[in-house]
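Listed here are the chains, written in short residue letters.
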Amino acid sequence: MSKRAGRLFLTDEGRGIYEAIVQLFASMEVFKLQVNGLHSFLKGDLNIGISDNLVTLEHMNISKALASLKERGPDININIRMAPPIDIERGVMEGQLHVGVVPHARSLPNIEYFNLYDEDSYLYCSNTHPLYNVEMLSVEDVTAADMVVSTYGRTPSISGFTQSFHTTAQASDKEGIAFLVLTGAYIGFLPAHFAERWFEKGALKTLMPELFQYSTSYAAITRKGAKPNRIVDTLMKLLIND
């Protein structure tokens, strides 16, 4: 650096050093971007448990969230287990499952719940059931018929709602309920989105839908106090913020 008439000027050597420093800082920015890109890359296992037959729920966004997750981490190994809610809750609490999607029928102390959406259910009979062709149904007609109920996802209000029915069968999942309703020997509650395939064909009919219906809230669940997991955190943000 030289000084002329009270002003400072870079020498050729100083200018070369300055340009080298500028290039160094530019290279450091590129390096930081590359490192951040590596840190944002998602890789590992995701074990998720889902209650049966949610795939037919029209506003269900689990598939969309998993697709977005796969785009962000192409090497993520996704393992899906379809199981009753009680098994999913146990799997999350024991660390076998990272995330679960279940009816929010109860709140366990070791689980975090994040509400996602509601599912509407109606009372159905098949086209071979005696009530199918009855034009003027009464409450007594319906409550006297043999009924199949689910053994899971029943809130106290739902349990109280079905106490007046003639329950003679139970099923652990929606498909089991559908099997028995389609025999023509039972009536039973089914989610509207799940029963739609038979309803549109006339194989199933709703019984007094203005009276016999209820809504079930579904939630994504994770274990309280679980170690930080970027794959799980990313999926939860996609599920909740969609």
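Residues numbered from 1 in each chain as written. Predicted model: local features only at pLDDT ≥ 70, side-chain atom pairs only at ≥ 80, totals over all residues. Heavy atoms only, no water.

A short note on unusual backbone geometry
The following threshold applies: Helix and strand definitions follow DSSP, with helices as H or I runs of at least four residues and strands as E runs of at least two, each counted in order from the N terminus.
One non-glycine residue with positive phi stands out, namely Met208, at about 45°. Structurally, Met208 is set in the loop between β10 (204–206) and β11 (213–223).

Description of the pattern of salt bridges
Our working definition: For salt bridges, the criterion is a side-chain nitrogen of Lys or Arg within 4 Å of an Asp or Glu carboxyl oxygen. For each residue, the accessible area found with a 1.4 Å probe, counting protein chains only, is set against the maximum for its type, and the residue is called buried under 20%, exposed over 50%, and partly exposed in between.
Evaluation of the coordinates by the stated rule reveals two salt bridges. Taking the shortest distance from any N to any O, the salt bridge between Arg106 and Glu89 comes out at 2.5 Å. Note that Arg106 is positioned in the loop between β5 (99–103) and β6 (111–126) and Glu89 in helix α3 (residues 85–93), a separation of 17 residues in sequence. Arg106 gets classed as partly exposed once you look at its relative accessible area, which sits at 40%.

Description of helix α2 (residues 62–72)
Which entries qualify depends on this criterion: Regarding the arc, it is the one traced by the directions from the helix axis to the C-beta atoms. Any two residues having at least one pair of non-hydrogen atoms within 4.5 Å are treated as being in contact.
For α2, the full list of buried residues reads Ile62, Ala65, Leu66 and Leu69. Buried positions in α2, seen along its axis, are confined to an arc of 95° and lie on one side of it. Looking at α2, the residues exposed on the side facing more than 90 degrees away from the buried face are Lys64 and Glu71. Elements that come into contact with the buried residues of α2 comprise β3 (45–50), β4 (77–82), β5, β6 and α8 (230–241).

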